[in-house]
Structures are given as C-alpha cells and as structure tokens.
Amino acid sequence: MNRTQLGTYTMLLRLHRQWTPHLPTLSPLRTSPPLLRLSTTTSLSAATNSVPSSSSSLFIPPGIDPDEQITPSMILPYSNIVIGPYSGHSNIKDVEFVKGSVSVKDCPRDGRPEFAVLGRSNVGKSSLINSLVRRKEVALTSKKPGKTQMINHFLVNKSWYLVDLPGYGFATASESARMDWSAFTKGFFLNRDTLVAVLLLIDASTPPQKIDLDCANWLGRNNIPITFVFTKCDKKKVGKGKRPDENIRDFQELIKQNYRQHPAWIMTSSVTGLGRDELLRHISQLRNYWDN
C-alpha cells in the first residue's frame, strides 16, 4: 500500500484537509467543526479523558465507518484518536540506526513504511524518540538545540522506520542555512512514497507558535498525513503562563481555522511516559493498514 492509496482512502473518510486556493497565505475555509474544548478550570487528567462532543472532532482511522457510533472505550486516552480494526502489536523489541542521509536521494529505498518525527528545535524530539524505543541516546539528546543535521533512519522491529528529521526554527542558524533546511526537509516529504505520516511535535508548555502553525499549514496543503504530538505535558504552570492543557486548547482553536476535520493529536511526556503506549498503538494501526 503506497501513500497515494492511503491518501485516497482517508479522503473518502473525510480526513483530508480542504483548502481554498484563492485565499492568500494559506488561509483555508474557516468552517471547521467544534473541537474538544479544554476548560481552563479542568485538570489535565480530566481534560485528557474527555470525549469530544462530535465525531468530526475525532481522528477516524482506516477500517472505521465515519457514521459509526463511537464509544468512549474506542478512543485512546490523551488524544482524539479512535482505535480501529488495524490496531495491533505495538511493542518495540528491536531498533537499530541504519543511516544518516544528507539528501533525500541517499535515504533507504527498501519499501518499508516510514513515520517522520518533526518539530521546532528544543521541542523534545530526541527525548520523545528515546522514550518511544526505551533506549537512551538512540536519538542524540543535546542541551544545544538543532543538533540533528541529517535525515536519520531508525529501523524498528526490522519492519518500519522512525525517521528523525532536523528541527526547524533554530534561532542561531543563518538565514541561508534555514532556507537550505526548508528545501532539504520539504524535499523529503514530497518525494517519499513510503511516508505513512508525519508526527509533528508541538511544545505544550508554551503558547502556540506561528512557526508551528506555518509548518502544519504547509503539510496540510500538500496532503501530507499528520499527527500532532504535544510534548512536555508534564510541565507545571510558570508564573502568569498557561498550563499545557490550556496551551493545547489555544493551539486547537487556531488549527480549526485551517482544517475542516481536525488531524489526529495526542498528549505526551518523555519524563512521565504519558501517551507513549497510546502513540505507538496509533502508529501500529496506520502501519498495519499500510502493510495490508
């Protein structure tokens, strides 16, 4: 199953974004359905186990009829993701670094499905990857943001790839370097038929960032399947700042201006392990559908 076929199926399930080409600066139709609202007075645990009031707020995976009655037990905790018939084995028993590529043409071409991990520098990308595979330093963690400079392929269970992409928005990089990075990474997204989905990491401990929204808009406009992975959800409110669940709510309010149907999203913490198993289960159902 290739990405084109997966895209066709998800379009039939009304999960693809509908864009308005004549509007400037990637401004899509603003007719999104209501999303899961996280009250500012609601605790994190209560908010993450709430059920969206409308099925249009949910990510309906392959194998589930969009008109089917969705029950709370079908929804992964800390997310809007419905579990379908393709959900299965999600344990990671083996992971190995295959190669780091400096161009898309150098990436592995063995037909295995890929899940790309993308995010702003210092969003906790390496920490999340290490948490998913439960091995320290599989992805290099550094106090210096922007350490990943290549497309790094990690083979999981000898069957699928976790792809660590360079972080964007590294403030100390030159403008030309940032432009080179943009072309470098966009080329990966547009030229990989084995790309199943992009895990776009969003720092839940900070207010929504324009650079994250711009990245999400570009991915959506190019029909790249996306899952928002909110990181650092264990962080406490600092001073007059907002809690992670409040920042997530604000991010969702902005995203709903761009998407008719809300993409998959999930809350995580590399410190506490929040959302780890749920994210792997989400990956499993997309991967299993791809394989079939």
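Residues numbered from 1 in each chain as written. Predicted model: local features only at pLDDT ≥ 70, side-chain atom pairs only at ≥ 80, totals over all residues. Heavy atoms only, no water.

As for the packing of aromatic side chains
Applying the stated criterion to the full structure yields eight aromatic pairs. Aromatic side chains Phe230 and Phe251 sit 5.6 Å apart centroid to centroid with 85° between the ring planes, which places their arrangement in the edge-to-face category. Taken together, the residues Phe230 in strand 6 (residues 226–231) and Phe251 in helix 6 (residues 244–255) connect sequence positions 21 residues apart. You'll find Phe230 and Phe251 in the same group, each marked buried. Connected via pairs of aromatic rings, a cluster forms that spans Phe228, Phe230, Phe251 and Trp265. (Phe/Tyr/Trp six-rings, centres within 6.5 Å; stacked < 30°, edge-to-face > 60°. Helix = DSSP H or I, 4+ residues; strand = E, 2+ residues; numbered from the N terminus. Buried < 20%, exposed > 50% of the residue type's maximum accessible area, 1.4 Å probe, protein only.)

Things to note about the confidence of the model for the protein
Summing up the model confidence of the protein, the mean pLDDT is 78 and the portion of residues at 70 or higher is 72%. Under a pLDDT of 50 for its full length, residues 4–53 has, in the predicted model, 100 contacts with residues more than four places off or in other chains. This model gives residues 141–147 a pLDDT under 50, and the stretch forms eleven contacts once residues within four places in sequence are excluded. (pLDDT = per-residue confidence, 0-100. Contact = heavy atoms within 4.5 Å.)

What to know about empty space enclosed by the protein
All told, the structure shown has three cavities of 30 Å³ or more when counted by the stated rule. Roughly 40 Å³ of volume is contained in the second largest cavity. Put simply, the parts of the chain that give the lining of the second largest cavity at least two residues each are strand 5 (195–203) and helix 6. Among the elements that make up the lining of the second largest cavity, the one with the highest residue count is helix 6 (three residues). A breakdown of the residues in the lining of the second largest cavity according to their chemical character gives six nonpolar, two polar and one charged. (1 Å grid on protein atoms, 1.4 Å probe; cavity = no way out; pocket = protein on both sides within 12 Å on 5 of 7 lines; lining within 4 Å. Points joined across faces, edges and corners; volume = space filled by probe spheres on them. Nonpolar A, V, L, I, M, F, W, Y, C, P; charged D, E, K, R; others polar.)

Describing the packing of helix 5 (residues 210–221) against helix 6
The interhelical angle for the contact between helix 5 and helix 6, taken along N-to-C directions, is 45°, at an axis separation of 11 Å. Looking at the two axes, helix 5 sits oblique to helix 6. Helix 5 and helix 6 meet at a crossing whose hand is right-handed. Where helix 5 abuts helix 6, its residues Asp212, Leu213 and Ala216 lie against Phe251, Leu254 and Ile255. Per-class residue counts for the contact of helix 5 with helix 6 are five nonpolar, no polar and one charged. (Axes fitted to C-alpha atoms, helices over the stretch in contact; angles between N-to-C directions. Parallel < 35°, antiparallel > 145°, perpendicular 65-115°, else oblique. Left-handed = near helix turned anticlockwise from the far one by under 90°.)

Overview of the pattern of salt bridges
Per the stated rule, a full pass over the model turns up 15 salt bridges. With a shortest N-O distance of 2.7 Å, Lys210 and Asp214 are connected by a salt bridge. Of the two residues, Lys210 and Asp214 are both situated in helix 5; the distance of four residues between them amounts to about one turn of the helix. On the basis of relative accessibility, which here comes to 60%, the residue Lys210 falls in the exposed class. When salt bridges with common partners are traced through the structure, they connect Asp94, Glu96 and Lys158 into a single cluster. (Salt bridge = Lys/Arg side-chain N within 4 Å of Asp/Glu carboxyl O.)

Examining the pairing of strand 7 (residues 264–267)
Regular strands place side chains that alternate from one sheet face to the opposite one. Residue alternation in strand 7 divides its side chains into two sets, Ala264 and Ile266 and Trp265 and Met267, and both sets are buried. Examined bridge by bridge, strand 6 and strand 7 share four bridges and lie parallel to one another. Residue pairing for strand 7: Phe228 is matched across the bridge by Trp265. You can see the chain leave strand 6, run along helix 6 and come back into strand 7, and the turn it takes is right-handed. (Pairing = 2+ DSSP bridges. Right-handed = clockwise from strand over helix to strand, strands pointing away.)

A closer look at the pairing of strand 3 (residues 151–156)
Here strand 3 lies mainly inside the structure; six of its six residues are buried. Judged by which residues are buried, strand 3 turns out to be covered on both faces: Ile151, His153 and Leu155 on one side and Asn152, Phe154 and Val156 on the other are all buried. Bridge analysis of strand 1 (residues 95–101) against strand 3 gives six bridges, and the strand direction is antiparallel. Note on strand 3: the bridge partner recorded for Glu96 is Leu155. Pairing geometry for strand 3 and strand 4 (residues 160–164), over five bridges, is antiparallel. Along strand 4, the bridge assignment pairs Leu155 with Tyr161.

Describing the side chain of Ser269
Positionally, Ser269 belongs in the loop between strand 7 and helix 7 (276–291). Apart from the residues lying within four places of it in its own chain, the contact partners of Ser269 are Cys233, Asp234 and Leu274.

A short note on the sheet that holds strand 6
A sheet is described by the order of its strands in space; here seven strands give the open sequence 1-3-4-2-5-6-7, paired in mixed fashion. Each of the sheet's edge strands pairs with one partner strand only, and the pair in question is strand 1 and strand 7. Strand-to-strand twist in this sheet, taken as the mean axis angle between neighbours without regard to direction, amounts to 25°. Relative to strand 6, strand 5 runs parallel, the two sharing six bridges. Residue pairing across strands places Asp203 opposite Thr231, the latter belonging to strand 6.

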